[in-house]
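# A structural walkthrough
Each chain, written out:
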Amino acid sequence: MLTTDAEKSIYALGLSVYKSLGQFDLSPHEFEILKRALADAAAHKPAVDLNEWGPKIGPLARERSARVTAQQKVAAKAYLEKAAAEPGAVRAESGLIYREVKMGSGNSRKRPTP
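All values reported here derive from a predicted model rather than from experimental measurement. (Residues numbered from 1 in each chain as written. Predicted model: local features only at pLDDT ≥ 70, side-chain atom pairs only at ≥ 80, totals over all residues. Heavy atoms only, no water.)

For the rest of this paragraph, the subject is the layout of surface pockets. Its boundaries defined by the atoms lining it, the largest pocket holds a volume of some 850 Å³. Around the largest pocket, the lining is made up of 22 residues, and of these Ile-33, Leu-34, Ala-37, Val-48 and Ile-57 lie nearest the centre. Elements that contribute at least two residues to the lining of the largest pocket include exactly α2 (28-42), α3 (50-53) and α4 (57-84). Looking at the lining of the largest pocket, the element that brings in the most residues is α2, giving eight residues. (1 Å grid on protein atoms, 1.4 Å probe; cavity = no way out; pocket = protein on both sides within 12 Å on 5 of 7 lines; lining within 4 Å. Points joined across faces, edges and corners; volume = space filled by probe spheres on them. Helix = DSSP H or I, 4+ residues; strand = E, 2+ residues; numbered from the N terminus.)

Set out below in structure tokens:
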């Protein structure tokens, strides 16, 4: 249970760290490895040399970030298709999907042609 402001702040730090790891799309097994690394670092007994393996974090981040982006595109496509199928939905040439909630009563303004 979190009772003090310090405990709540440290907990928030953990949430922030986890959020920053989102690009890595860690599996439960990989998350356990990460927790082990934190414990090993706190004990000053790392299992691998950070000077050797640290430079490999960037390429891993790029690879995993691309994977997360691909997953998000699939999810977005499904969401957009669902939105486009709603009654009254209109898909503009640009790909924008909208639904008129209430028709306006004012004058229609058109942009001047260049």
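On to the side chain of Arg-64, then. Positionally, Arg-64 belongs in helix α4. A relative accessible area of 9% places Arg-64 in the buried class. Those residues within four positions of Arg-64 in sequence are excluded, and the remaining contacts are Gln-23, Phe-24, Asp-25, Leu-26 and Glu-30. (Buried < 20%, exposed > 50% of the residue type's maximum accessible area, 1.4 Å probe, protein only. Contact = heavy atoms within 4.5 Å.)

Before going further, it helps to examine unusual backbone geometry. Negative phi is the rule for most residues except glycine; trans is the rule for most peptide bonds. Positioned with a positive phi, Asp-25 is a non-glycine residue whose angle comes to about 45°. Considering the arrangement of structural elements, one finds Asp-25 in the loop between α1 (5-20) and α2. We classify Asp-25 as partly exposed; its relative accessible area is 26%. One non-glycine residue, His-44, adopts positive backbone phi at about 60°. Looking at where His-44 falls in the secondary structure, it is placed in the loop between α2 and α3.

Let us look at the packing of aromatic side chains. Within the structure shown, the criterion is met by one aromatic pair. Ring centres 5.7 Å apart and planes at 85° place the aromatic pair Tyr-18 and Phe-31 in the edge-to-face group. Within this pair, whereas Tyr-18 is found in helix α1, its partner Phe-31 is found in helix α2, the two being separated by 13 residues in sequence. Its relative accessible area of 53% is what places Tyr-18 among the exposed residues. Residue Phe-31 is classed as partly exposed on the basis of its relative accessible area of 27%. In this arrangement the basic side chain of Lys-56 is found over the ring face of Trp-53, its NZ or CZ atom lying 4.9 Å from the centre. (Phe/Tyr/Trp six-rings, centres within 6.5 Å; stacked < 30°, edge-to-face > 60°. Lys NZ or Arg CZ within 6 Å of the ring centre and 35° of its normal.)

Interpretation note: all reported values are geometric properties and have no functional meaning in isolation.
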